[in-house]
Amino acid sequence: METVSVVSTKGGVGKTTFCANLGAYLADAGLRVLLIDLDIQPTLSSYFALRYRAPCGIFELLALNQQDLGQLVSETSIERLKLIYSNDAQGQLNTILLHAPDGRLRLRNLAHIFGAHFDVVLLDTPGSRCVLLEVAVLASTLAVSPVTPETLTAKELNRGTIRLLNELAAYQNLGIQPPVHRLLISRMPSVSANARLVRETLRVLFQDESVARVLNAEIPAIEAFQRAATLRLPAHRIERRRPPGRIAPSALESIHAIACELFPHWGEALNSVASKGRKEKQHA
């Protein structure tokens, strides 16, 4: 089972959009996917329509040790895409976990209840440093940080997210390996000299894979992702092909490239979704 945390100490970089669309793409590829919403602002929890809403959510899992998946896991309208929604409106979990002996490791210690039922667990996290963000990172095998190509965002990445990962590396003394860290350029405009400069600077700064690496694939600044969120559908279903004359790739091309780069071992299944999209394009 792959456990992926979508991490940034800065809000507004597209964490939830990426988490939802990656999860939906993996599910369409035939993988069993669980979304876990750890954010006090539960955007991911309402991103897709639900066919079944479980009586419990993240509060019962982390605060009350509820391990019955029938009580915890909701079903989205996307086949094979499940959800544990955020129901910590008062922000109590941060305080509870801060003072618990196993607080930062609680989700990691509960991972065994998901292993037989899911291929991928995607964790959407708060947009600021807090205990829940650390809980997510320590439970992960892979951390992905969306970064918008702006100077201030890049500076926050270094003093916020990278610093967090470096500090949590101390858990290696307990036998806990830090997750592999990947940076994802998000909302990349087609024409912007400043954005290109920031992107290339990040690639140079993070050539050392022991710290992090910038993915080759990117999320373009295209309207399809916003339109898909409004319709509560995956963007790759909304925009399968690139509009004539546009430089930026389609939503399908973008998410497919990211998924293949993150999970090359599932390449055949991921390619099947893209192939289906291309066939539909030919018949359109």
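Above this text sits the structure in question.
Keep in mind that what you see is a predicted model, and the values were worked out from it rather than measured.

Draft legend 1. Structural view of the environment of Ala217. When you line up the elements, Ala217 lands in the loop between β9 (213-214) and β10 (219-220). Note: C-alpha distance between Ala217 and Gly91 (126 residues apart in sequence) is 35 Å. Sequence-distant contacts of Ala217, that is, excluding residues within four places in its chain, are made with Leu184, Ala257, Ile258 and Glu261.

Draft legend 2. Fine view of helix α1 (residues 15-28). Relative to the 20 Å expected for 14 residues at 1.5 Å per residue, α1 spans 20 Å between its end C-alpha atoms, a close match to the ideal helical length. For α1, the buried fraction is high: 12 of the 14 residues fall into the buried class. Count one or two residues on from α1 and you reach Gly30, which has phi positive near 100°.

Draft legend 3. Broad picture of the packing of helix α7 (residues 151-168) against helix α8 (residues 193-205). Look at α7 against α8: their axes get within 10 Å of each other, and the N-to-C directions meet at 20°. Here α8 runs roughly parallel to α7, going by the angle between their axes. For α7 against α8, the interelement crossing comes out right-handed. Residues Thr151, Ala154 and Leu157 of α7 form the contact with α8, whose participating residues are Asn194, Val198 and Leu202. A breakdown of the residues in the contact of α7 with α8 according to their chemical character gives four nonpolar, two polar and no charged.

Draft legend 4. Inspection of the packing of aromatic side chains at higher detail. This model, assessed by the stated rule, comprises two aromatic pairs. Each ring, one from Tyr47 and one from Phe48, has its centre 5.2 Å from the other, and the planes form 75°; the classification is edge-to-face. Take Tyr47: its relative accessible area is 7%, and that puts it in the buried class. Its relative accessible area of 3% is what places Phe48 among the buried residues. Summarising the aromatic geometry, the rings of Phe263 and Trp266 are spaced 5.3 Å apart at their centres and angled 40° between planes, so their arrangement reads as tilted. On the basis of relative accessibility, which here comes to 0%, the residue Phe263 falls in the buried class. Residue class for Trp266 comes out buried when judged on its relative accessible area of 19%.

Conventions we followed
- Residues numbered from 1 in each chain as written.
- Predicted model: local features only at pLDDT ≥ 70, side-chain atom pairs only at ≥ 80, totals over all residues.
- Heavy atoms only, no water.
- Helix = DSSP H or I, 4+ residues; strand = E, 2+ residues; numbered from the N terminus.
- Contact = heavy atoms within 4.5 Å.
- Expected span 1.5 Å × (residues − 1).
- Buried < 20%, exposed > 50% of the residue type's maximum accessible area, 1.4 Å probe, protein only.
- Axes fitted to C-alpha atoms, helices over the stretch in contact; angles between N-to-C directions.
- Parallel < 35°, antiparallel > 145°, perpendicular 65-115°, else oblique.
- Left-handed = near helix turned anticlockwise from the far one by under 90°.
- Nonpolar A, V, L, I, M, F, W, Y, C, P; charged D, E, K, R; others polar.
- Phe/Tyr/Trp six-rings, centres within 6.5 Å; stacked < 30°, edge-to-face > 60°.

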